[in-house]
Amino acid sequence: MASLSLSVSSPGVAPGNSGSSFHRLVCCSSSGSSGGGAGGAWSAEGGRKMTAGRRPCDVRPWAAAGAPASPERCPDGQQQLCPRLEPPTDSRDKWNKKMDFLLSVIGFAVDLGNVWRFPYICYQNGGGAFLIPYVLMAVFGGIPLFYMELALGQYHHMGVIPIWKHICPIFKGIGYAVCIIDLYVAFYYNTIIAWALYYFYSSMGSSLPWTHCHNPWNTPNCTNYFDYSNVTWSNFSRSPAEEFYMRRVLEIEKSGGLQDPGGIRWQLLLCLFLTFTTVYFSLWKGVKTSGKVVWLTATFPYLVLFILLIRGATLPGAWRGIIFYLQPNWEKLLSTSVWVDAAAQIFFSLGPGFGVLLALSSYNQINNNCFRDALITSMVNCLTSFLSGFVIFTVLGYMAEMRDIEVEEVARDKGPSLLFITYPEAIANMVGSTFFSIVFFLMMITLGLDSTFGGLEAVITALIDEYPQTFTQRRELLVLGLVAVCFLGSLATLTQGGAYVIKLLEEFGANCSILAVVFLEAIAVSWFYGIQRFCHDVKVMLGFSPGLFWKICWVAISPAFLAFIIISSLLDQSPLVLFDYHYPDWSISIGHLIGTSSCICIPIYMVYKLIWTPGSFKQRLEVCLTPEKKPSQSQPPNSICLHPVP
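Read on for an overview of the structure. (Residues numbered from 1 in each chain as written. Predicted model: local features only at pLDDT ≥ 70, side-chain atom pairs only at ≥ 80, totals over all residues. Heavy atoms only, no water.)

## Notes on the packing of helix α1 (residues 98-109) against helix α7 (residues 287-297)
When two helices pack together, their arrangement is given by the angle between the helix axes and by the axis-to-axis distance. One can describe the packing of α1 onto α7 by two numbers: an axis separation of 8 Å at closest approach and a directional angle of 60°. Viewed along their axes, α1 and α7 form a crossing whose handedness is left-handed. Of α7, the residues touching α1 (which contributes Met-99, Asp-100, Leu-103 and Ser-104) are Gly-291, Val-294 and Trp-295. Along the lines of polarity and charge, the residues of the contact of α1 with α7 split into four nonpolar, two polar and one charged. (Axes fitted to C-alpha atoms, helices over the stretch in contact; angles between N-to-C directions. Helix = DSSP H or I, 4+ residues; strand = E, 2+ residues; numbered from the N terminus. Left-handed = near helix turned anticlockwise from the far one by under 90°. Contact = heavy atoms within 4.5 Å. Nonpolar A, V, L, I, M, F, W, Y, C, P; charged D, E, K, R; others polar.)

## Structural notes on the environment of Ile-106
Relative to the helices and strands, Ile-106 is located in helix α1. You can call Ile-106 buried: its relative accessible area is 11%. Taking C-alpha positions, Ile-106 is 9.0 Å from Leu-350, a pair spaced 244 residues apart along the chain. Residues in contact with Ile-106, not counting those within four places in the same chain, are Tyr-302, Thr-377 and Val-380. (Buried < 20%, exposed > 50% of the residue type's maximum accessible area, 1.4 Å probe, protein only.)

## With respect to a nonpolar patch on the surface
On the surface, a nonpolar cluster with roughly 590 Å² of combined accessible area is contributed by Ile-132, Val-135, Leu-136, Val-139, Phe-140, Trp-330 and Phe-549. Among the secondary structure elements, Phe-549 is positioned in helix α19 (residues 548-571). (Patch = residues over 30% accessible without salt bridge, like charges linked within 9 Å, V, L, I, M, F, W, Y side chains within 5 Å. Areas by Shrake-Rupley, 256 points an atom, 1.4 Å probe, with all protein chains shown as cover. Salt bridge = Lys/Arg side-chain N within 4 Å of Asp/Glu carboxyl O.)

## Quick word on the state of the cysteines
Summed over all chains, the structure comprises one disulfide. One disulfide in the model links Cys-213 with Cys-222; its S-S distance is 2.0 Å. Residues Cys-213 and Cys-222 share a disulfide whose torsion about the S-S bond is about -75°; that sign makes it left-handed. Cys-601 carries a free sulfur, and the closest cysteine sulfur to it, the one in Cys-599, is 8.5 Å from it. (Disulfide = S-S within 2.5 Å.)

In short, geometric facts, not functional conclusions.
Following this line, the structure appears as structure tokens:
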């Protein structure tokens, strides 16, 4: 039987010295000799044998380790087991609790879109039958991409920009593109939160201002069918809730469109300032503060959803809405558009590609079970969308009953209109309307803040990791500067025609470009970095390699899933319309420029990398496609070698 001796190559630091702490190594004789003592686990802190029966070169990190380990050749050229070690003193923040991380991911993934987009798309595409393509797209497309991003961030402990140096350097432009997209989203998404905050403040009075037609902003077309049984609803009729949203909150009648957006609404400006102030003080200290805030912002919406579900189920006509929501229309499954909508919904719901999952998981311990986290958070996200459908459609059934029309006629509203017109209108005519309005809009605020936390944390983490010497000790100033940029970028959305700007940014700033970026990300990781190398990284973290299903999804199915959405979107480009306003051709051209401004970073960086890399073209290409080693992968100064002793 061959025994093992432990040698440490760390200048000036002896084994067990307080100046250095090492990981647990599980290994056995390199000669592979048999017998009861053929192998054992050794503690680098004391060289004490702990267990036996391991195969050669089985290396596992210590439970609290901060870096993975892999067998390499020692500096003297002998074939030995040399795990690479990262210095245990890691200046990078870590989550205080596992639940801080889970709630942050759930809070990012579960946003306002879960409340309005899924219910609308579900009933539009066959009701209960839509769940079949939705589940299939989640299993084969959305969840694998979600799992991949969590694993990448946790293994490399880096944000979306510098991580590409260690995956495929020539694709580093993806990181810059993602950050630009996140900024565009912040420009309009926080204004929607400001709308919710305005509604929240307006709900504080003795009665809700959208319950009647006697306000200064109401028109002769205002029709309150709840107060009178003989009211006739026509195509020109407008509910008090619709006029409050259009003429009081937005004042959109004072705008002539994008060419004449009107002035800034100072009330919304104040609401947006309060929103960004909350965001700043939640992010300025990193995950230590945001991890505490999400305990409120990620859990409170579920309490409100259950309250609204119980209240909605007791309303007259609620059953009509539920039947309309779930009644399957199997013929719809033969339509390609249903499958496209299912793929797009699961993708934008889970949110891979925005750099958020990379950033949040980069603060995990190396041995955190990100596989289990991916399954848990994905299931919570999908179930939340399904639950939201019941909350929305019980109320739509109630409104159809009161108007004496079909549910389909009530459910024509989609997008923010469903949250700011249809649902508030129903709440206004419930018993205890003030209470339900307050909790509903408070839920919307918390849903929005969680997603904002994630999007800006992705940019912050990327910049700090890319420029550590500049920003590591100046995080508070970086967050302040980023919040100021987002606030200034949002000013156009606060004008009387700001809703038109929001629609343009949503359509071109995020939807189109993020699909292309994530498609390239999936290709770069699976085909250039290599699926075997990526699976090895996962095995180092979790102790087991992903199964065949995950490998097939990452290599073929998930990229095909994204290509399917992209091609379908390009083939079906319907005219852009909002509130009967048809966007002019010049605005569509501006939209394309906005979308291109992020994606153009990818080819620009490719050209830059190839030009500035020395050597022949073949050598340059090889360098640009080869992952760079992290500092922890170099042999000296921190390495441990186990030598067989005769």
